Amino acid sequence: IWEKKTGSGVIGIINAYGTEHYAQGWMSTNIGEGFFGSGNYVLIALITIVLAIGVNFYMKRSKHGFEIAVVGESENTARYAGIDVKKVILRTMLLSGAICGLVGFMIVSGSSHTISTSTAGGRGFTAIIVAWLGKFNVFYMLLVAFMLVFLNIGASEIATNFGLNQSMSDVLVGIIIFFILASEFFINYRIIFRSRGQEAGK
């Protein structure tokens, strides 16, 4: 009943007949309009920056953030220190779910203005890569996220200009990310080749 076309998995644009600035369910585009062009994504950017600062403060400066770090390193150590591990895990999952819900809200009401089976679009897996490349530092994560968006848009332009399948852009970005992640191995470890004679004399 709610699908735009039966089996399509899309509900269509939310309040498509309303004005862009005042349609219910749409985030405001008035903020920064004129100074920042159309102002379509200014509010999303502001929420993201505020959220990043808040999460950074929570993780680095609060007791709960310290507990998360201890539990992440060793649950046994956390228990020895008197930390309720289950409580920390549940609290962290609830907070993470709330942040994910806020992000979903921004995607639907501020960007796509619809809900579909591809709304998430693999962003959870991308977030894992962003967190790892950013060394779990919130501000580094913002830079890495910007880099990945830059790569995605650039790869899409390459695919369009050369008449390639759109999936080729995902393949290109995947190859680049693969080599970035693989280089971490050689940054953290050194490979030494030894002959059998050297191994015997060790």
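About the thresholds
Residues numbered from 1 in each chain as written. Predicted model: local features only at pLDDT ≥ 70, side-chain atom pairs only at ≥ 80, totals over all residues. Heavy atoms only, no water. Helix = DSSP H or I, 4+ residues; strand = E, 2+ residues; numbered from the N terminus. Expected span 1.5 Å × (residues − 1). Buried < 20%, exposed > 50% of the residue type's maximum accessible area, 1.4 Å probe, protein only. Arc of directions from axis to C-beta. Contact = heavy atoms within 4.5 Å. Axes fitted to C-alpha atoms, helices over the stretch in contact; angles between N-to-C directions. Nonpolar A, V, L, I, M, F, W, Y, C, P; charged D, E, K, R; others polar. Phe/Tyr/Trp six-rings, centres within 6.5 Å; stacked < 30°, edge-to-face > 60°. Lys NZ or Arg CZ within 6 Å of the ring centre and 35° of its normal.

A. Broad picture of helix α7 (residues 167-188). In this model α7 runs 32 Å from its N-terminal to its C-terminal C-alpha over 22 residues, within 8% of the 32 Å that 1.5 Å per residue would give. Here α7 has its buried residues at Ser169, Val173, Ile177 and Glu184. Angular distribution of buried residues about the axis of α7 spans 65 degrees; they occupy a single face of the element. For α7, the exposed residues lying more than 90 degrees away from the buried face are Phe178, Phe179 and Phe186. The inward-facing, buried residues of α7 abut α5 (123-133) and α6 (138-161).

B. Up close: the environment of Phe57. Relative to the helices and strands, Phe57 resides in helix α1 (residues 42-61). Spatially, the C-alpha atom of Phe57 lies 9.7 Å from that of Val138, the residues being 81 residues apart in sequence.

C. Here's a closer look at the packing of α1 against α6. Look at α1 against α6: their axes get within 9 Å of each other, and the N-to-C directions meet at 145 degrees. Residue-level contacts link Thr48, Ala52, Ile53, Val55 and Asn56 of α1 to Val138, Phe139 and Leu142 of α6. For the contact of α1 with α6, the residue count by class is six nonpolar, two polar and no charged.

D. Inspection of the side chain of Asn56 at higher detail. Here Asn56 is to be found in helix α1. A relative accessible area of 17% places Asn56 in the buried class. Contacts of Asn56, omitting those with residues within four sequence positions, involve Arg61, Val138 and Phe139.

E. View of the packing of aromatic side chains. Taken as a whole, this structure holds one aromatic pair when the rule is applied. Ring geometry for Phe178 versus Phe179: centroids 5.5 Å apart, planes at 75 degrees, classification edge-to-face. By relative accessible area, which is 54% here, Phe178 ends up exposed. According to the relative accessible area criterion, Phe179 is exposed, its value standing at 54%. Its end group placed over the ring of Trp132, Lys135 keeps NZ or CZ at 5.7 Å from the ring centre.

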